[in-house]
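Letter by letter, the chains look like this.
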Amino acid sequence: MKKYFGLPVLALLFTFCAPKDKWVRNVTNGGALGTTYAITYLSQEEIDLSKEIDSVFMVINKSMSTYKSDSDISKINLSNDSTLVVDHMFRDVFELSKQVYEATDGAFDPTVGVLANAWGFGPGEQLKMDSIRVDSLKNYVGFDKVTLNEDGTISKQINGIAFDFNSIAKGYTIDRLGVVLDNHGIANYLIEVGGEVLAKGNNKLTHRNWAIGIDDPQSLEQRVIKKAVYLKNKAMASSGNYRKFWIDEKTGEKYVHTLDPKTGYPKNSVILATSVLAKDCATADAFATAFMVMQLEETKAFLKSSELDAYIIYLDENGITQEFMTAGFEKAVIDK
């Protein structure tokens, strides 16, 4: 019987001489959090993290989905449950929300849940709104009226205050997905959920940083990229009123989903869209929302003393589209 000793040696040779820059592109995508997601993660062998990814969405929904009646946030909102001990994710989002609330002088405020429902942007019943009703509902708004206690329970100054973490939870979810990939030793990935992104490392297949497009808020018929940026070890979140709005059939008035916590009304301002770069996506998500509420000059002043970078599309006093971006954001723009 013949013995072929060369084949195992040859196989071993190929193992050791395999090119180090050979990368496998793994993609997991689907629907979650009322939107779509796409996660690209590079490795040197095929890997499927879909189960771990699904579990992140599942626990986030159990903690913070206002559209699930059995979630922790729904129990706190609807039943005013002051005995429920929230999980560490709820704690994280609460604490960050408090920081952004204070930094923006209340422009970012996740206690707008009652207003979101009343204006038709939440899971609750939409109401017929007038100045009297708005003033009444504003009593249930104010992050300074809620407390996260040391034992993990939530206290409210007024029963009926409702949390709505939609303007930060998506970004936070992306950060948690990043932790999953990090824990599996994945150093190069791009996570996108509903337009918000977290980019780590770079795209080894193109030998460039991750390229991300920013939608033109004035193109409603079809998607048009307004700007494109390269990202590495950065998160970006965008906010705008060009998709989430409704129009009163009788008056023709447009009502946008961005709510001003101070006035109680939808904020249909000259700012069309904002994009924010930050180290984590939850922070970028929250500030992108806040900058839709704040006045442009107020936002510019804030950014001067901030580590954040931002890109803002707005209308000037003549109704002409203008752009503002920080120096740090401009450096990320492709084909400047």
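Residues numbered from 1 in each chain as written. Predicted model: local features only at pLDDT ≥ 70, side-chain atom pairs only at ≥ 80, totals over all residues. Heavy atoms only, no water.

S.K.: I'd like to hear about the pattern of salt bridges, residue by residue, with values.
M.R.: Counted under the stated rule, the structure contains nine salt bridges. A salt bridge links Asp105 to Lys262; the shortest N-O distance between them is 3.3 Å. Taken as a pair, Asp105 in the loop between helix H4 (88-103) and helix H5 (113-118) and Lys262 in the loop between strand E11 (254-256) and strand E12 (271-278) lie far apart in primary sequence, 157 residues in all. For Asp105, a relative accessible area of 54% puts it in the exposed group. By relative accessible area, Lys262 is classed as partly exposed at 46%. Linking Lys227 and Glu323 is a salt bridge whose minimum nitrogen-to-oxygen distance equals 3.0 Å. One end of the pair, Lys227, is in strand E8 (residues 225-231); the other, Glu323, is in strand E14 (residues 321-325), with 96 residues separating them in the sequence. Here Glu323 falls in the partly exposed class, since its relative accessible area comes to 35%. Overlapping salt bridges bring together Lys226, Lys227 and Glu323 as one network. (Salt bridge = Lys/Arg side-chain N within 4 Å of Asp/Glu carboxyl O. Helix = DSSP H or I, 4+ residues; strand = E, 2+ residues; numbered from the N terminus. Buried < 20%, exposed > 50% of the residue type's maximum accessible area, 1.4 Å probe, protein only.)

S.K.: Could you give me a rundown of unusual backbone geometry, with the residues and numbers involved?
M.R.: The phi dihedral of Asn80 falls on the positive side, at around 50 degrees, and the residue is not glycine. Note on placement: Asn80 falls in the loop between helix H3 (72-78) and H4. On the basis of relative accessibility, which here comes to 26%, the residue Asn80 falls in the partly exposed class.

S.K.: Mind laying out the environment of Lys250, listing which residues take part and the relevant values?
M.R.: Summarising the element assignment, Lys250 is placed in the loop between strand E10 (245-247) and E11. Considering only alpha carbons, one finds Lys250 and Lys145, 105 residues apart in sequence, at a separation of 37 Å.

S.K.: Just give me the short version of helix H8 (residues 281-293), but keep the residues and values in it.
M.R.: Over its 13 residues, H8 extends 19 Å from the first C-alpha to the last, a length consistent with the 18 Å expected when each residue adds 1.5 Å. Along H8, 13 of the 13 residues are buried, which leaves the element largely enclosed by surrounding structure. Two or three places before Ala282, at the opening of H8, Asp280 has a side-chain oxygen 3.4 Å from that residue's backbone nitrogen. (Expected span 1.5 Å × (residues − 1). Polar contact = N/O pair within 3.5 Å; in protein donor to acceptor, adjacent residues only side chain to side chain.)

S.K.: Any chance you could break down helix H9 (residues 296-304) for me, citing the residues and the numbers?
M.R.: Looking only at H9, the buried set comprises Leu296, Thr299, Phe302 and Leu303. Down the axis of H9, the smallest arc covering the buried residues is 120 degrees, so these residues share one side. Residues Glu297 and Lys304 are exposed on H9 and point more than 90 degrees away from its buried face. Where H9 is buried, its residues meet H4, E12, H8, strand E13 (309-315) and E14. (Arc of directions from axis to C-beta. Contact = heavy atoms within 4.5 Å.)

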